[in-house]
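Take a look at the letters that make up each chain.
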Amino acid sequence: MKKLLTLIVLAFMANSITAEVLPQPRHSDSGMSLDEALRLRRSDREFDSARDLGSQQLSDLLWAAVGINRPDEDKLTSPTALNKQEISVYVFSKSDVSLYDARKNSLTKVADGDHRRLTARRAGFEQDFVMDAPVVLVIVADVAKFEAPADMATLMGAVDAGIVSQNINLFCAAEGLATVTRATMDTQAISSLLGLAPGQMPVLNNPVGYRR
Ligand SMILES: Cc1cc2nc3c(=O)[nH]c(=O)nc-3n(C[C@H](O)[C@H](O)[C@H](O)COP(=O)(O)O)c2cc1C
């Protein structure tokens, strides 16, 4: 009887985990050179709250951030120290929060509802413009993957997160989207919402949308 109940609970749990498969990354034909993207790169804090990103754009954006660019070697668009690939990207949208799975090119929902507010603030400081961005990408480093002293592991995780953020910045510059690298966020509340393990640190976030 106990076994049967466990099976029913497991089946229910499997059912409630929803994964949205994204369109294949399109490897944009924006035609923009890297030099031009670098010239356009800037922090934008004015988003058009009425314009959402399409799923193709989201797929392209996530691939640029931390997608697989060499499937044969299982390697990523962003380098990581010792190839630990310890960075995860969560998408906070108006309707839910989901985790990008680069290998499956999909988003797995981890929470229902609009939790962007948690990315807009930290104690005593709030950046309301974040709520105008249709999505906020939260970059989490699992520093427990480094078998190194804590300060070294934290440093590597922070550096790797910064590189992912810059990939997002350059993608947005090339695609005419607005974004800004941000450290401000309620890391404690986000960690508890996402059910992060002690070694998993939300390091940076990038709100992304159309420029107002
Ligand atoms: C690690 C890091 C953390 C940042 N945190 C924030 C932030 O919390 N909020 C914000 O509005 N901008 C933040 N910024 C953006 C900087 O303010 C911005 O890059 C700087 O003013 C230079 O402007 P530019 O990006 O347009 O060149 C951050 C940038 C970096 C690199």
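Residues numbered from 1 in each chain as written. Predicted model: local features only at pLDDT ≥ 70, side-chain atom pairs only at ≥ 80, totals over all residues. Heavy atoms only, no water.

Enquirer: Explain the overall build of the protein residue by residue, including any values.
Expert: Summing up its helical and strand segments, the protein has six helices and 11 strands in all. Relative to the compact-globule value of 17 Å for 212 residues, the protein shows a C-alpha radius of gyration of 18 Å, a close match. Pairs at least 24 residues apart make up 70% of the contacts formed inside the protein by residues separated by at least 6 positions. With the model as given, the accessible surface of the protein reaches about 11200 Å², and the carbon-plus-sulfur share is 55%. Mean positive and mean negative side-chain charge positions of the protein (23 and 26 charges, respectively) differ by 3 Å. (Helix = DSSP H or I, 4+ residues; strand = E, 2+ residues; numbered from the N terminus. Rg over C-alpha atoms; globule rule 2.2 N^0.38 Å. Contact = heavy atoms within 4.5 Å. Areas by Shrake-Rupley, 256 points an atom, 1.4 Å probe, with all protein chains shown as cover. Lys, Arg positive; Asp, Glu negative; His and termini not counted. Charge placed at Lys NZ, Arg CZ, Asp CG, Glu CD.)

Enquirer: Help me get a handle on empty space enclosed by the protein, residues and values and all.
Expert: Counting across every chain of the model gives one cavity of 30 Å³ or more. A volume near 50 Å³ is recorded for the largest cavity. Lining the largest cavity, in full, are L40, R41, R42, D44, N169, C172, A173, L177, T179 and R211. Of all the secondary structure elements, the ones that give two or more residues to the lining of the largest cavity are α5 (150-175) and β10 (177-179). Among the elements that take part in the lining of the largest cavity, α5 stands out by supplying three residues, more than any other. In the lining of the largest cavity, the residues fall into four nonpolar, two polar and four charged. (1 Å grid on protein atoms, 1.4 Å probe; cavity = no way out; pocket = protein on both sides within 12 Å on 5 of 7 lines; lining within 4 Å. Points joined across faces, edges and corners; volume = space filled by probe spheres on them. Nonpolar A, V, L, I, M, F, W, Y, C, P; charged D, E, K, R; others polar.)

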